[in-house]
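# Descriptive structure summary
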Amino acid sequence: MKDAEITGRFDGRGRAEFVLGGLQGMDADQITAIAYEFGYDLGETEFVSRSAYRMIYVRNDSPEVRRRAQQTHHRLRAGGPLLRTAE
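Now for a quick tour of the structure. Note that the structure is predicted; figures quoted are calculated from it, not measured.

## A word on the pattern of salt bridges
In this structure the tally under the stated criterion is eight salt bridges. A salt bridge links Glu 17 to Arg 15; the shortest N-O distance between them is 2.4 Å. Here Glu 17 falls in the partly exposed class, since its relative accessible area comes to 31%. Taking relative accessible area as the criterion, Arg 15 reaches 45% and is therefore assigned partly exposed. A salt bridge links Asp 61 to Arg 66, with the shortest nitrogen-to-oxygen separation between them at 3.9 Å. Residue Asp 61 is classed as partly exposed on the basis of its relative accessible area, which comes to 47%.

## Description of the pairing of strand β1 (residues 15-21)
In summary, the side chains of a regular strand alternate between the two faces of the sheet. By the alternation rule, side chains of β1 split into Ala 16, Phe 18 and Leu 20, which are all buried, and Arg 15, Glu 17, Val 19 and Gly 21, of which none is buried. As judged from the seven bridges shared by β1 and strand β3 (residues 52-59), these two strands associate in the antiparallel manner. In the sheet register, Arg 15 faces β3, and the bridge partner there is Val 58.

## Here we look at the sheet that holds β1
In spatial order, the strands read β1-β3-β2; together these three strands make up an open sheet with antiparallel pairing. With one partner strand each, in any of the chains shown, β1 and β2 (40-47) form the two edges of the open sheet. Averaged over all adjacent pairs, the angle separating strand axes in this sheet is 20°, with direction ignored. In terms of strand pairing, β2 meets β3 through seven bridges, oriented antiparallel. Each bridged residue has a counterpart across the sheet, and for Leu 42 the counterpart in β3 is Tyr 57.

## Describing the packing of aromatic side chains
Taken as a whole, this structure holds five aromatic pairs when the rule is applied. Ring centres of Phe 10 and Tyr 57 lie 5.7 Å apart, and the angle between their planes is 85°; this geometry places the pair in the edge-to-face category. One end of the pair, Phe 10, is in the loop between α1 (3-9) and β1; the other, Tyr 57, is in strand β3, and 47 residues separate them in sequence. When the centroid spacing of 6.1 Å and the interplanar angle of 55° are considered together, the rings of Phe 47 and Tyr 53 count as tilted. Among the aromatic residues, those joined into a cluster by ring pairs are Phe 10, Phe 18, Tyr 40 and Tyr 57.

## So, helix α3 (residues 63-77)
Over its 15 residues, α3 extends 21 Å from the first C-alpha to the last, a length consistent with the 21 Å expected when each residue adds 1.5 Å. Taken together, the buried positions of α3 are occupied by Val 65, Arg 68, Ala 69, Thr 72 and Arg 75. Taken around the axis of α3, the buried residues stretch over an arc of 120°, which confines them to a single face. More than 90 degrees from the buried face of α3, the exposed residues found are Pro 63 and Arg 77. Lining the buried residues of α3 we find α2 (28-37).

Rules used in this analysis
- Residues numbered from 1 in each chain as written.
- Predicted model: local features only at pLDDT ≥ 70, side-chain atom pairs only at ≥ 80, totals over all residues.
- Heavy atoms only, no water.
- Salt bridge = Lys/Arg side-chain N within 4 Å of Asp/Glu carboxyl O.
- Buried < 20%, exposed > 50% of the residue type's maximum accessible area, 1.4 Å probe, protein only.
- Helix = DSSP H or I, 4+ residues; strand = E, 2+ residues; numbered from the N terminus.
- Pairing = 2+ DSSP bridges.
- Axes fitted to C-alpha atoms, helices over the stretch in contact; angles between N-to-C directions.
- Phe/Tyr/Trp six-rings, centres within 6.5 Å; stacked < 30°, edge-to-face > 60°.
- Expected span 1.5 Å × (residues − 1).
- Arc of directions from axis to C-beta.
- Contact = heavy atoms within 4.5 Å.

Have a look at this one:
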């Protein structure tokens, strides 16, 4: 799954879902990192079959988290990286 596809699902709605199966399971850490930057928390993980699971992220509206999400949007508009680098 490409970063653009992942970020497109974190569009400000109250929830974002990803169904992962097979090799897509390797994308789970990247999805979680991007969710964090856009102010979403993993709310639930459920198995939909033996080889696939659904990750449900919910928007966190606490002031600190919303500020982090705004900083991420500003960084992207300025041409910066999607994920913050360790400083």
